[in-house]
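Single-letter residue listing:
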Amino acid sequence: MPSFIEIIATALFAIAIVHTFSVPVFARLANRNGPHAGLWHMLAEVEAVFGVWAFILLVAMALLAGADSAVSYLDSRNFTEPAFVFAIMVVSASRPVIELMNTVVRLLARITPVRAELATFFITLSVVPLAGSFITEPAAMTLAALMLRDAYFRRPGQAGFKYMTLGVLFVNISIGGVLTAYAAPPVLMVAHTFGWDSGFMATHFGWRAITAVFVNAGALTLVCRKYLLDGQLGGGEPDRRAPVPAMVTLIHLACLVGIVLGAHHPAVFLAILLMFIGYAHAYERHQNPLLIREGLMVGFFLAGLVVLGGMQKWWLQDLLGGLEPVVLYWGATALTAVTDNAALTYLGSLVEGTSDLWRYMLVAGAVTGGGLTVIANAPNPAGFSILKNFFPDGAISPMKLLLSALLPTAVAAFMFLLPHSFS
């Protein structure tokens, strides 16, 4: 039987989910500039949702079980992932890294046998998400979102195009990180327990993910080709500043690689981040404003999810353990929409006596559903934070995001359900 605190935590978790779907309502209230506009604006910040409700949980825990119990629970949580996403987001969003990635995309577009306008859009939604298997998904999300923002999202209107693009981006990031065993949070949480290395991931997940990513990006490019070729979706202004020196770019890349390699050690990647911030300020003329606030808000969101999600084991683990593999696949895909997919796979890894097929279906379902909502995959809040101001009312409708992600999710589902060696 669950404890009273666990029941409260589950109720607050459900309220937080409803809150995320209500963000556009609060945004419209804030835009009316009434006497409570500040409060509505705070409630419209989706990055604050889980942090706020997690704080309420800790207050309730302190009142019901004592402050020591609340502090003890907080100390038992692992906040490495929120801290890592914050660090990688700040570094990967720096001007030298973005310019380097833009250069790579332009070079690839030149050798692609289609018009540059189409090739650039396609590569941004395919190659960049797949790069997440090596530079981690949060870094790939940050880079892709910034590139889309500067090239396409700054133009007012075109909400339909923006939602379709966001749906494909979120799905492709979620499945694009499974070529290795360390880059996707839901894979990282179980790789050691299941005995999966990068060779295993490339063999069993990689080619499926690559195919789905290219199909999704290609289909959207085809649908939007008229607007892309007509220049109706452009909006980026050319950067007339002096180019970034190669040495500055190399130092930024070294910081990025160091943070990726130290992803499991907060003391390491936070130390590198602090050194990076100091260096960036020393050479401020080569920088855009660092995404410190945005990164902190995303970290706050994920930390709140860690606190609230840690109390969901009492129902989620038993639910997963009682499902047959194929049912588990669809169940994991659906559950991922309302809980972080890394938490889902971690709880599944605690179920004893599972088969190889059951484990595959758990992880495949978790990554397939990772684009359906902002809470489904850890990198999603980063993309959400970067792009939300370019949508109507400065907010992204969770329902429209869900609908936009359904077709690319279906493509991913088809690929991961193709016959495999576990059958």
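Please refer to the structure placed before this passage.
Let me sum up the structure you'll find in this document. (Residues numbered from 1 in each chain as written. Predicted model: local features only at pLDDT ≥ 70, side-chain atom pairs only at ≥ 80, totals over all residues. Heavy atoms only, no water.)

## Concerning the packing of helix α17 (residues 313-321) against helix α19 (residues 341-349)
Packing of α17 against α19 brings their axes to within 9 Å, and their N-to-C directions diverge by 65 degrees. Compared by their axis directions, α17 and α19 come out roughly perpendicular. For α17 against α19, the interelement crossing comes out right-handed. Facing K313, L316, Q317 and L320 of α17, the residues of α19 in contact are L344, L347 and G348. Classifying every residue of the contact of α17 with α19 by side-chain character gives 4 nonpolar, 2 polar and 1 charged. (Axes fitted to C-alpha atoms, helices over the stretch in contact; angles between N-to-C directions. Helix = DSSP H or I, 4+ residues; strand = E, 2+ residues; numbered from the N terminus. Parallel < 35°, antiparallel > 145°, perpendicular 65-115°, else oblique. Left-handed = near helix turned anticlockwise from the far one by under 90°. Contact = heavy atoms within 4.5 Å. Nonpolar A, V, L, I, M, F, W, Y, C, P; charged D, E, K, R; others polar.)

## Considerations on the side chain of T249
Relative to the elements of secondary structure, T249 occurs in helix α14 (residues 246-261). Looking at T249, the relative accessible area reads 13%, which means it is buried. Contacts of T249, omitting those with residues within four sequence positions, involve P96, L100 and V244. (Buried < 20%, exposed > 50% of the residue type's maximum accessible area, 1.4 Å probe, protein only.)

## Description of the packing of aromatic side chains
The description of two aromatic rings rests on the distance between their centres and on the angle between their planes. On inspection of all chains with the given rule, the structure shows 18 aromatic pairs. With centroids separated by 5.2 Å and ring planes inclined at 80 degrees, the aromatic side chains of F121 and Y152 adopt a geometry described as edge-to-face. A residue pair is termed long-range when its members are at least 10 positions apart, and F121 in helix α8 (residues 116-135) and Y152 in helix α9 (residues 137-153) qualify at 31 residues. The exposure classification of F121 matches that of Y152, with both residues buried. Aromatic rings pair up to connect F121, Y152, F153, F161, Y163 and F391 into one cluster. (Phe/Tyr/Trp six-rings, centres within 6.5 Å; stacked < 30°, edge-to-face > 60°.)

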